[in-house]
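Structural features, examined
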Amino acid sequence: MHQELAGDLARLPELLDDARRYATEVLSGLADRPVVAAAEPPEPAPLPERGTGADGALAQFRDRWAPGFSASAGPRYLGAVTGGATPASLTGDWLTSTFDQNVVTDLDSAAAALERESVGWLRELFGVRSHEGAFVSGATMSNFVGLAIAREWAGERLGVSVAQDGVAALGTVPVLSGSPHSSVYKALSMLGMGRGCVREVPTLAGREAVDVDLLAAELAALDGRPAVVVANAGTVNTVDFDDLRAIAELRRRFPFWLHVDAAFGGFAALSPRHAELVAGLDEADSVCADLHKWLNVPYDSAVQFTRRRDLQTRVFRNAAAYLSPITEEPDFVHLTPENSRRLRALPAWFTLAAYGRQGHREIVERDIALARELGDRIAGMPHLRLLAPVRLNVVCFTLADDPTAERVGALARSVAGSGEAFLTPTVYKGTPGLRAAFSNWRTTGADVGRIAAALRAG
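Let me begin by describing the structure that accompanies this report. Owing to the predicted nature of the structure, the values given are computational and were not obtained by experimental measurement. (Residues numbered from 1 in each chain as written. Predicted model: local features only at pLDDT ≥ 70, side-chain atom pairs only at ≥ 80, totals over all residues. Heavy atoms only, no water.)

1. Points about the pattern of salt bridges
One side chain can pair with another of opposite charge once the charged atoms of both are near each other. Selection rule: We define a salt bridge as a side-chain nitrogen of Lys or Arg found within 4 Å of a carboxyl oxygen belonging to Asp or Glu. Segments assigned H or I by DSSP are reported as helices when at least four residues long, segments assigned E as strands when at least two residues long, and all are numbered from the N terminus. Only protein chains enter the calculation, and the probe is 1.4 Å; a residue is then buried if its accessible area is under 20% of its type maximum, exposed if over 50%, and partly exposed in between.
All chains considered together, the criterion is met by 32 salt bridges. The salt bridge partner of arginine 62 is glutamate 25, with a shortest N-O separation of 3.1 Å. One end of the pair, arginine 62, is in helix α3 (residues 53-65); the other, glutamate 25, is in helix α2 (residues 12-28), and 37 residues separate them in sequence. Under the relative-accessibility criterion, glutamate 25 is labelled partly exposed at 44%.

Here it is, written out as structure tokens:
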């Protein structure tokens, strides 16, 4: 065995303890660390001929790279929709690497059974008890899997199997949506259906929610051809929700697959005051839910749900002599694009076991209240104005006067440069703006005060 490797193995308890102490140091200072690092990244170094051992690598990381990392796990990182990692989920993530399970089969490990239990808990959480699911890397891959199953369903309607004969046998399948997320276009590109198959249906006046009457008209014009409808349970800019029950009702008249992108808006189901927003989610044929957002587990983690696991296995089955055949309870190797699968379920299992429905409901409701507080503060600032009501956990706003992309970008840079917060730019209804997305378990009212002060100063 190599000398450094043998030495690290002999000192493994001390090395892990060093890493624990350093991680504790980082986490204890997270709330006051500059949200966006000011340090420039170092120049790339050549591959070392002789390594320095794990302790030397840790020292190099601390000195060269850690100063340039953002505080994205902290309470005032409001860019994109970014959660943190609850203490329990972090514990689960460390143990994921410790056990290093490849969750593709039941032949050698209980890891797959743990993932199934976790999926079952999440089914209850989101109210989709008649669905089956599996863990994937994020919302993009969750949408990809859902739309891949939808593609196979469309083939079934037309008497072909895309999984067997290829997408050319299918022809064009229209994908209808009011405010499709960019990951939907990416998934359709990867699936060979093409970005051009999307037909954006007009939304309600001043909203991002689809006009269901106009959606019905689009479906009627297809004259019985199968289609896919991508509904939104929480848009990125303003967290708007399509009327899922009304859309599902259209299936009595028209043939379409209903895929719901509930990446983070689906967590409204945890709050009795907001659960009505996702009423009808259980009627979907497939659902996307992103867990490294509002469940606050480490990257990467998401789950996909579907009613048609038979079609899912038709798409993703992996036939080999050394793999189990497809049964009533298929191995995960037959359910997702990956043949090698990290045990992503363990951090989610840990945080759900540790805090339950009530603990995660508290996070969701606190973040919603904090978003509304920031919205109220922005409404009271003469130089800013809201672009939309604060419907859930995202505040979308802009400059009151002359909101050009340059001036809005300057405000974003000023806030980031202060170290107090990070917000991502957007364009809403043609107007450049900023988004403040609350999804971190650490965020408090004191953080809202600091964010508001940075916006006022900017």
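More follows now that the structure is in view.
2. Description of the nonpolar core
Note the threshold: To qualify as a nonpolar core, a set must consist of buried Ala, Val, Leu, Ile, Met, Phe, Trp, Tyr and Cys residues joined through side-chain atoms within 4.5 Å.
Core analysis: the biggest nonpolar cluster contains 62 residues, and Leu122 and Leu219 have the highest contact counts within it. Grouped together as the second largest cluster of nonpolar side chains are 28 residues, Val145, Tyr185, Val198 and Leu311 included.

3. A few points about helix α15 (residues 445-457)
Threshold: Expected helix span is taken as 1.5 Å per residue step, with the number of steps being one fewer than the number of residues. When we speak of the arc, we mean the arc of directions from the helix axis to the C-beta atoms. Contact criterion: two residues are considered in contact whenever any of their non-hydrogen atoms come within 4.5 Å of each other.
End to end, α15 covers 19 Å across 13 residues, agreeing with the expected 18 Å (1.5 Å per residue, within 8%). Among all positions of α15, only Asp447, Val448, Ile451, Ala452, Ala454 and Leu455 are buried. Along α15, the residues classed as buried sweep out an arc of 160 degrees about the axis, all on the same side. Of the exposed residues in α15, the ones pointing more than 90 degrees away from its buried face are Ala446 and Ala457. On its buried face, α15 sits against α13 (345-379), β8 (384-386), β9 (394-399) and α14 (405-417).

4. Remarks on the side chain of asparagine 143
Its location among the elements puts asparagine 143 in helix α6 (residues 139-158). When near neighbours in sequence (up to four residues on either side) are disregarded, asparagine 143 contacts Ser183, Val184, Ala187, His259, Asp261 and Cys288.

5. Description of a nonpolar patch on the surface
Applied cut-off: Residues qualify for a patch when their relative accessible area is over 30% and they have no salt bridge, like charges being joined within 9 Å and the nonpolar side chains of Val, Leu, Ile, Met, Phe, Trp and Tyr within 5 Å. Surface exposure here means Shrake-Rupley accessible area, sampled with a 1.4 Å probe, where a residue is shielded only by the protein chains that are shown.
Side chains of Met1, Leu5, Leu9, Leu12 and Leu16 sit close together on the surface and give an oily, nonpolar patch of about 560 Å² of accessible area. As for its position among the elements, leucine 9 is in helix α1 (residues 3-10).

6. Points about the packing of α13 against α15
Inclusion rule: Axis definition: a line fitted to C-alpha atoms, over the contacting stretch in the case of helices. Angles run 0 to 180 degrees between N-to-C directions. For classification purposes, angles smaller than 35 degrees are called roughly parallel, those larger than 145 roughly antiparallel, those between 65 and 115 roughly perpendicular, and all remaining angles oblique. Two helices crossing with the near one rotated counterclockwise from the far one by less than a right angle form a left-handed crossing, whereas a clockwise rotation gives a right-handed crossing.
Two elements in contact, α13 and α15, have axes separated by 10 Å at closest approach and are oriented at 30 degrees. By the angle class used here, α13 and α15 are roughly parallel. When you trace α13 past α15, the crossing you get is right-handed. Judged by residue contacts, Leu370, Glu373, Leu374, Arg377 and Ile378 of α13 engage Gly445, Val448, Gly449, Ile451, Ala452 and Leu455 from α15.

7. A short note on unusual backbone geometry
Cis peptide bonds are those with omega within 30 degrees of zero, and the linkage from tyrosine 299 to aspartate 300 qualifies with -5 degrees. Phi at valine 239 is positive, roughly 50 degrees, even though this residue is not glycine. Relative to the helices and strands, valine 239 resides in the loop between β4 (227-232) and α10 (244-249). Even without being glycine, aspartate 402 reaches a positive phi, approximately 50 degrees. Inspection of the secondary structure puts aspartate 402 in the loop between β9 and α14.

8. Quick look at the pairing of β9
Short version of the rule: Only strands joined by at least two bridges in the DSSP assignment are considered to pair.
Among the six residues in β9, six count as buried, and that is most of the element. In this sheet, strand β11 (residues 431-437) lies alongside β9 in antiparallel orientation, the contact comprising four bridges. Counterpart to valine 394 in the pairing with β11 is alanine 437.

9. Looking at the sheet that holds strand β10 (residues 424-428)
Across a sheet, paired strands are connected by hydrogen bonds in the backbone, their directions being either parallel or antiparallel. Ordered by their spatial adjacency, four strands build an open sheet running β8-β9-β11-β10, and the pairing between neighbours is antiparallel. The open sheet terminates on both sides in strands that have one partner only, identified here as β8 and β10. Across this sheet, the average inter-strand angle for adjacent strands is 40 degrees, counted without regard to direction. Alignment of β8 against β9, held across three bridges, turns out to be antiparallel.

10. Looking at the sheet that holds strand β2 (residues 175-177)
Taken together, the seven strands give an open sheet; going across it, the order is β1-β7-β6-β5-β4-β2-β3, and neighbouring strands pair in mixed fashion. Both outer strands of the open sheet, β1 (132-136) and β3 (198-200), are each paired with one neighbouring strand and no more. Pairwise comparison of adjacent strand axes, ignoring direction, gives a mean angle of 20 degrees for this sheet.

11. Brief notes about the packing of aromatic side chains
Worth spelling out the cut-off: Each Phe, Tyr or Trp ring, with Trp reduced to its six-membered ring, pairs with another whose centre is within 6.5 Å; inter-plane angles below 30 degrees give stacked pairs, above 60 give edge-to-face pairs, and intermediate values give tilted ones.
Inspection of the entire model under this criterion finds nine aromatic pairs. Both rings, one in phenylalanine 61 and one in phenylalanine 69, keep their centres 5.5 Å apart while their planes meet at 80 degrees; by these two values the pair is edge-to-face. Relative accessible area serves as the criterion here: at 30%, phenylalanine 61 is assigned to the partly exposed category. Relative to tryptophan 257, the ring of tryptophan 153 lies with its centre 6.2 Å away and its plane at 50 degrees, an arrangement referred to as tilted. Of this pair, tryptophan 153 sits in helix α6 while tryptophan 257 sits in strand β5 (residues 256-261), and the two are 104 residues apart along the sequence. The pair tryptophan 153 / tryptophan 257 is uniform in exposure class, with both members buried.

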